[in-house]
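Overview (structure and organization)
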Amino acid sequence: MRHFLKSTIALSAFTAALAAPAFGQDANEREDEAVAQEQAAATTDVITVRGFRSSFADSLTQKRDANQVIDTITAEEIGQFPDQNIAEAIQRISGVSITRTNGEGEAVTIRGLSPTFTRVEVDGRTTTVTSDSANPERQSVLNVFASDLYNSIEVIKSPTAADVEGGIGGIVRLNTPEPLDVGELRWGLDASITDADLRDETEPAITGFYTNATPDGRFGFLISGTYEDLDRRIDKIQNNDDWRQVDAGFLADSSDPALTPLIGGWFPGRNRIEQRVGERQRLNLNAKFQFQASPELLLSLDGLYTTDEREEDRSRAQIQWRRGQLESGVLDASTGTITEATFTRHRTEFRDFTRIADITTYGITGAAEWTPGLWSIDAEVSTFSSEEDFDEWRVDHRTNRDGLGGYSLANDPRYPSIFTEAAGLAPADVDVRSANFQQRIITLEDTDFELDAEREWNHGIFTSYQFGFRWAQAEYDRKQGSINGQTGGLTYADGNNEFVLDGTFGQGFGENLLAIWPMIEPRSFYEANPPAEAFTFNDENLWTIEEATTAAYGMVNFDTANTQGWNMRGNLGVRVVQTNYTGQGRIDIDTASDEFLIDDAAALERDYTDTLPAFNFVISKGEDAPFQIRGAVTRALTRPTINEINPGEDVIVPDQEIIRGNPELEPFRAWQYDLGIEYYFGETGEGLFSVAAFYKDVENFIVADTFEETRDFSSVGVPSQVYDVETFRNGGEASISGVEVSFQTPFSFLPEPFNDFGVFANYTYTDSEFTDAFGNSFTFPGASETTYNLVGYYERGGFSSRLAYNYRDDYLIVPSSAQDGSNAEFGEEQGRLDFAARYRFENGVRVSFDVLNITEEQQYRYYDDVSRLEDLEFEGRIYSFSIGFIY
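Please read these numbers as outputs of a predicted model, since none were measured by experiment. (Residues numbered from 1 in each chain as written. Predicted model: local features only at pLDDT ≥ 70, side-chain atom pairs only at ≥ 80, totals over all residues. Heavy atoms only, no water.)

In this section: unusual backbone geometry. Here the amide bond leading from E752 into P753 is cis, since omega sits at 5°, within 30 degrees of zero. Looking at the secondary structure, you find P753 in the loop between strand 33 (734-746) and strand 34 (757-771). Of note, the phi angle at R111 is positive, near 50°, even though the residue is not glycine. Position of R111 among the secondary structure elements: in the loop between strand 3 (104-110) and strand 4 (118-122). Exposure remark for R111: the relative accessible area of 1% places this residue in the buried category. At N823, a position not held by glycine, the phi torsion is positive, near 60°. By the element assignment, N823 lies in the loop between strand 38 (811-814) and strand 39 (825-827). Since its relative accessible area comes to 14%, N823 is described here as buried. (Helix = DSSP H or I, 4+ residues; strand = E, 2+ residues; numbered from the N terminus. Buried < 20%, exposed > 50% of the residue type's maximum accessible area, 1.4 Å probe, protein only.)

Here it is, written out as structure tokens:
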């Protein structure tokens, strides 16, 4: 009923929003209203009304004037962005897809390259933020940043020599307003509440900004901030232990003729059912100061501060089918998947967690812009820091080789029916296997210095030349430790549980889901049974890695300035960058009876130099020509992740196995080619039709690698033996090519009432391929073959509404590490429909209503075939209502 009522409300709001302004008045009434609005605007000191249409138009202007391949999204007004989330906004751009967590956009994939290939900047400052990740990567989690702090987002697809290297996929640049550009007193305040089908509580948020400038225009400042109180509820079903093949030894009775046909069939190694409930407080603050010290000298200082505090309870039932024996099963011969199975002597584990994470980021930039005569000289110093402090309390139980259990995919493989006899145990029959506390601190710090100079140079076709220097040092630190409490003879009856499953797991999306299992409150249990010794950071995965880069570039800008015939403008330059790594890790040696940690034994020292040329051009006929040809030839790089170059080693002596990174890895390098045509049309210049092709030839693709190696650890009493080593290596070449098609226009050329509508649409086709270490071919991780956006909007007077659909088809997430190419992880196709409506009153008040994920799309991942579940994260609709004021 709740779903039905909310769907009805959303549909009614959408119908009324479109119908009332457009069709509820005759032509004379609409004309009278327009005249009244014009008269009111002439007599009151209020800003011009803006909406989705103006946002699209401003973005188009920036794209048209750019001298590189770029797409932008602009705010409807200061403090009012078209989407509630930075990642959600960026997904509207052609060639862009996003990943989600808890129904919220998180990280960005550009042109089929995963988020680790995307460089993120805030006002030009390096920004990398990790979240709930055991190992920091190069991707930045964008849901830490509130969208309403920014007035534009740029997605740069072809860099110039002046752009900082690091993003083969592209550069996402978040820009905050410049107070001297605003040039007057402006302020705004917005309050909102958000509700969701799968969340337990409504979520309040408040956003505000204040900006002003002195009458002489020499000093200006802007302060803005957001605070959000977010409810977290995630229901998940997983099989994160690969799909396994049945052999004769796995059968309960290998002589049973009903079981032998199942040999070779695929079954899940384990199923995990998990519910996460908690809350999250997110604070964003931004401040910017500008001082025009003289007509030639502009000084500025800006800073960003964010906190993201999360507290979450998790409860998990995990059934290890591979630890049991197969009693019966049904085989789908077309896929080789065992769609129904029962097991005996399997393992069932119950685990409860309390997790508290505090993610703090800040960035400060001081800059000076000096423009003496024909020169423009910019100097900038910035620092950025992100720290995730993660605490976890865990209590678990294991029922080993007891009872019956099984699963069925008969109704839908996304919603498997799962049962195990252990789920019905009473608390007194569930012994506590361990009570554990773990702390992890991950810190990323970056310091940059940049100096750029440009001089006007009217020499033939050349308009200016520029050059610059950049030095940056980034430090990545990780430390972690864990300790066990005392649990001898204790059961779940000796604890308590503040978080209790209510039997609504999955919220009705799947039938026969396992919804109840034994639980315990882990933090209070651990504190009631503390360990005998003190906590230390004793984990093997401790390391510190420093990355220093030194870069210099030179570039010329050109414009043939032939307004009567064909004209070419653009830039040509080269960037040279040296990368140097130093670092230290640990070697952890596990024997059958003991564990040894060898500090400072795994060292990293590595450097390499790259030359990155860049040529961008735009060809047009005449001044303000409607037709443009845009192209680029560029060289780009993306460095390996910290996990891939981590020098630390995990040595498991009984299994004769070593897991480690590879400090000798080369970075990904790519030649990139872009060519497109753009046609701008319409009396207001708000129409665009464009077609663009791109090709990326990626070298040094990094793949998983395994080989044998003889090692000697006699210093800790482990004799020499042969080990299977799991690591990474550069695995050759990969390629990505594609076509992007975009179209947008208001329907102002149509008769009423259709002239108040408009459309924005784009389509991207991507063809990609890479070959792994065993010769298996895959598409590029993160690349969907087809993505598209279709956005329809309506605006009249102060009212604006938008219906937006975003689609991406199946895509590879994690390539296989197996020799036969099996158990590659894919994401299923997904199409999401969102609705937004705004009404802006003439006095500056704005009311808005949004519905996200109207069709209740689920995020589903699978191995090899869509019938083989890897992860299902239940998602429902999200509703938001806000009211605000801008002066």
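Past the structure itself, the notes keep going.
A few words on the nonpolar core. Core analysis: the largest hydrophobic core is formed by 84 residues, its most contacted members being L326, Y407, W517 and F780. Leaving out residues up to four positions away in the same chain, L326 has contacts with V246, F250, L251, A252, L259, L262, I338, A341, T342 and F343. Core analysis: the second largest hydrophobic core is formed by 21 residues, I98, L149, Y150 and L304 among them. (Core = buried A, V, L, I, M, F, W, Y, C linked by side-chain atoms within 4.5 Å. Contact = heavy atoms within 4.5 Å.)

Whenever strands of a sheet pair, they do so through backbone hydrogen bonds, lying parallel or antiparallel. Read across the sheet, 5 strands follow the order 1-6-7-4-5 without closing on themselves; strand pairing throughout is mixed. The open sheet has two free edges, formed respectively by strand 1 (70-74) and strand 5 (125-126), since each of these has just one partner strand. Bridge analysis of strand 4 against strand 7 (residues 170-175) gives 5 bridges, and the strand direction is parallel. In the strand pairing of strand 7, V120 is matched with V172. (Pairing = 2+ DSSP bridges.)

When pLDDT is averaged along the protein, the result is 86, and 91% of the positions lie at 70 or above. Within the protein, the element-level pLDDT minimum falls on helix 1 (residues 2-23), averaging 36, and the maximum on strand 12 (residues 266-268), averaging 96. Long-range and interchain partners of residues 1-49, a stretch whose pLDDT sits below 50, account for 59 contacts in this model, where long-range means more than four residues apart. (pLDDT = per-residue confidence, 0-100.)

Here we take up the pattern of salt bridges. A complete count under the given rule lists 55 salt bridges for this structure. R119 is paired through a salt bridge with E121; the nearest N and O atoms lie 2.7 Å apart. Each member of the pair, R119 together with E121, is buried. The salt bridge partner of R316 is E274, with a shortest N-O separation of 2.6 Å. With R316 in strand 14 (residues 297-320) and E274 in strand 13 (residues 271-294), this pair connects stretches of sequence that are 42 residues apart. Each of the salt bridges in this network shares a partner with another, and the network as a whole consists of K63, D71, R111, K157, D674 and E740. (Salt bridge = Lys/Arg side-chain N within 4 Å of Asp/Glu carboxyl O.)

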